[in-house]
Amino acid sequence: PPTTPSLPTVPPPDVIRCAYAELIVTDLAAARAFYVDVLGLVVTHEDDHALYLRAFEEYLHHSLIVRVGAVPALSVLAYRVRSEAELDVAEAYYRQLGVRVERRPAGATRGIGAAVRVEDPLGFPIEFFYTAEHTERFTQRYDMHPAGALARLDHFNVNTPDVPAARRYYEGLGFRVSEDIVDGDGTVYAAWLFRKPTVHDIALTGGDGPRLHHIAFAAQERHQILHVCDHLGALRQSDVIERGPGRHGVSNAFYLYLRDPDGHRIEIYTHDYYTGDPDNPVIHWDVHDNQRRDWWGNPVVPSWYTEASDVLDLDGRVQKVVPRTDSNEMDVTVGADGFSYAREGDTSTGFKLGTQI
Ligand SMILES: O=S(=O)(O)c1ccc(O)c(O)c1
Ligand SMILES: [Fe+2]
């Protein structure tokens with residue numbers, strides 16, 4: 001499990017929001033068919049090696065880079081900081097944490113200015129940047145919007161074995177917790193933390209890690225999410241739909257989880273809530289509450305608990321995965337939540353799946 005870093009004496013960089021990710025895929029054409037033809041992301045730039053994609057509200061160069069490579073993996077999660085000056089702060093902060101830190105010149109990533117890239121204490125490749133090339137914002141280019149248009153990148157979700165340690169690390173970066181899932185003996189199964197005033201920029205899901213659980217885009221309306229389901233059905237690709245559509249308990253968002261051709265998990269999500277006031281109340285969910293992950297009590301498919309993407313170090317090598325030692329949510333709730341209550345204390349009629357599994 002990640003060691004709890006000593007508290008650095010320098011302040012953390014001023015993170016604005018999650019801004020882009022880079023995924024390695026093994027077949028660029030297959031990935032293009034998914035991310036562009038089905039999800040409708042806008043192509044800012046493409047070449048033989050990579051696609052630079054953006055959601056419709058994004059005016060920076062990209063929200064997602066899809067790059068061809070030998071093994072499917074996450075190669076960076078990038079946060080935008082408030083100014084170029086924050087890059088020096090980021091470098092000092094992470095050097096204090098004693099982790100690997102690299103400065104990247106402007107243009108090292110197409111469309112992105114100078115940046116600081118680190119292997120964070122949880123083992124993830126993280127980038128901080130401010131300057132980026134502006135491109136046309138398609139918010140009102142309704143002539144370009146497909147029926148399943150995605151508005152913006154909303155959050156990253158990562159598997160990490162020790163959620164409390166990961167939470168402390170992100171709180172050290174100035175993130176605040178909006179919701180978490182716990183049990184009676186204090187085990188923490190998941191936590192959601194934010195910088196932008198929504199439910200999360202990063203979610204920490206207890207599990208073997210470092211691994212990427214998913215990247216989420218927000219849609220403006222539920223009908224866009226439903227259209228993506230119908231579109232996949234028409235393509236006879238219903239197996240791309242892993243979980244949902246449904247309504248989350250945590251975050252209150254209407255959601256859908258898809259798996260891309262390499263197995264990377266993409267969530268489409270809408271209608272979470274504002275968290276920007278200093279006294280935003282934290283919501284704690286009981287791991288045995290069957291409505292925590294799906295407000296309608298529908299089961300979480302086992303693959304959602306077990307499968308995730310490898311992550312790369314700054315040299316492009318797959319990071320070693322550390323097993324979780326705290327109890328796992330899937331074991332505690334017996335896989336697809338068959339033994340979690342709809343009404344606390346109601347153990348006679350309250351189990352939705354009951355003895356079906
Ligand atoms: O399944 S959960 O309701 O816990 C949930 C909430 C918000 C998310 O972004 C998510 O991926 C999962
Ligand atoms: Fe999510």
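Up top is the structure these notes are about.
Quick summary incoming for the structure in this document.

Parameters at a glance
- Note that residues are indexed from 1 along each chain, following the sequence as it is written.
- Following the order in which they are written, the chains are lettered starting with A and the ligands numbered starting with 1.
- Only residues with pLDDT of 70 or above have their local features reported here, since the model is predicted, and side-chain atom pairs are shown and tallied only from 80 upward, although totals for entire chains, interfaces and linings are computed over all residues.
- In computing side-chain properties, one takes all heavy atoms of the structure into account and sets aside hydrogens as well as water.
- A strand pair is defined by DSSP finding two or more bridges across the two strands.
- In this text, helices come from DSSP runs of H or I with a minimum length of four residues, and strands from runs of E with a minimum of two, each type numbered from the N-terminal end.
- Axis definition: a line fit to C-alpha positions, over the contact stretch in the case of helices; interaxial angles, taken between N-to-C directions, run 0 to 180 degrees.
- Should any heavy atoms of two residues lie within 4.5 Å, those residues are considered in contact.
- Think of it in three bands: residues with accessible area under 20% of the maximum for their type are buried, residues over 50% are exposed, and the middle band is partly exposed, with areas taken using a 1.4 Å probe on protein chains only.
- Polar contact is the term for a pair of N or O atoms within 3.5 Å; when the atoms are in protein, one must be able to donate a hydrogen and the other to accept it, and sequence-neighboring residues count only if both atoms are side-chain atoms.
- Any residue with at least one heavy atom within 4 Å of a molecule or strand is counted as near it.
- Classification used: nonpolar for Ala, Val, Leu, Ile, Met, Phe, Trp, Tyr, Cys and Pro, charged for Asp, Glu, Lys and Arg, polar for all others including Gly.
- Here, a salt bridge means any side-chain nitrogen of Lys or Arg that lies within 4 Å of a carboxyl oxygen of Asp or Glu.

Considerations on the sheet that holds strand β1 (residues 15-25)
Note on sheets: strands pair through backbone hydrogen bonds, and any given pair is parallel or antiparallel. One open sheet accounts for 8 strands, arranged β2-β3-β4-β1-β5-β8-β7-β6; its pairing is mixed. Two strands in the sheet have a free side with no partner beyond their single neighbour: β2 (42-46) and β6 (101-104). Ignoring which end each strand starts from, the neighbouring axes of this sheet average 25° apart. By the bridge criterion, 4 bridges tie strand β5 (residues 73-81) to strand β8 (residues 125-129) in an arrangement that is parallel. Bridging across to β8, L77 finds its partner in I126. Taken strand by strand, helix α2 (residues 86-96) contacts β5, β6, β7 (115-119) and β8, and its axis lies near 160° from that of β6.

Let's talk about the environment of P13
Following the sequence through the fold, P13 ends up in the segment before β1. P13 sits 70 residues away from S83 along the chain, and the two C-alpha atoms are 9.5 Å apart. Excluding its chain neighbours within four sequence positions, the residues that come into contact with P13 are V81, E86, V89, A90, Y93, F128 and L173.

Overview of helix α1 (residues 28-38)
Taken residue by residue, α1 has L28, A31, F34, Y35, V36 and V38 as its buried positions. A side-chain oxygen of the first residue of α1 lies 3.0 Å from the backbone nitrogen of A29; this N-cap is D27. Count one or two residues on from α1 and you reach G40, which has phi positive near 75°.

So, the site of ligand 1
Around ligand 1 sit 14 residues, and of these H155, H200, H214, Y257 and R293 come closest. Measuring from an oxygen atom of ligand 1, one finds a side-chain N or O atom of H155 at 2.9 Å. V250 places a polar main-chain atom, nitrogen or oxygen, 3.4 Å from an oxygen atom of ligand 1. Residues that form the shell around ligand 1 fall into these classes: 4 nonpolar, 6 polar and 4 charged.

Digging into the pattern of salt bridges
The full count for this structure, using the stated rule, is 28 salt bridges. Across the pair E127 and R117 runs a salt bridge, and its minimum N-O distance is 2.7 Å. One end of the pair, E127, is in strand β8; the other, R117, is in strand β7, with 10 residues separating them in the sequence. Pair check on accessibility: E127 and R117 agree, each one buried.

Nothing here speaks to function; it is geometry throughout.
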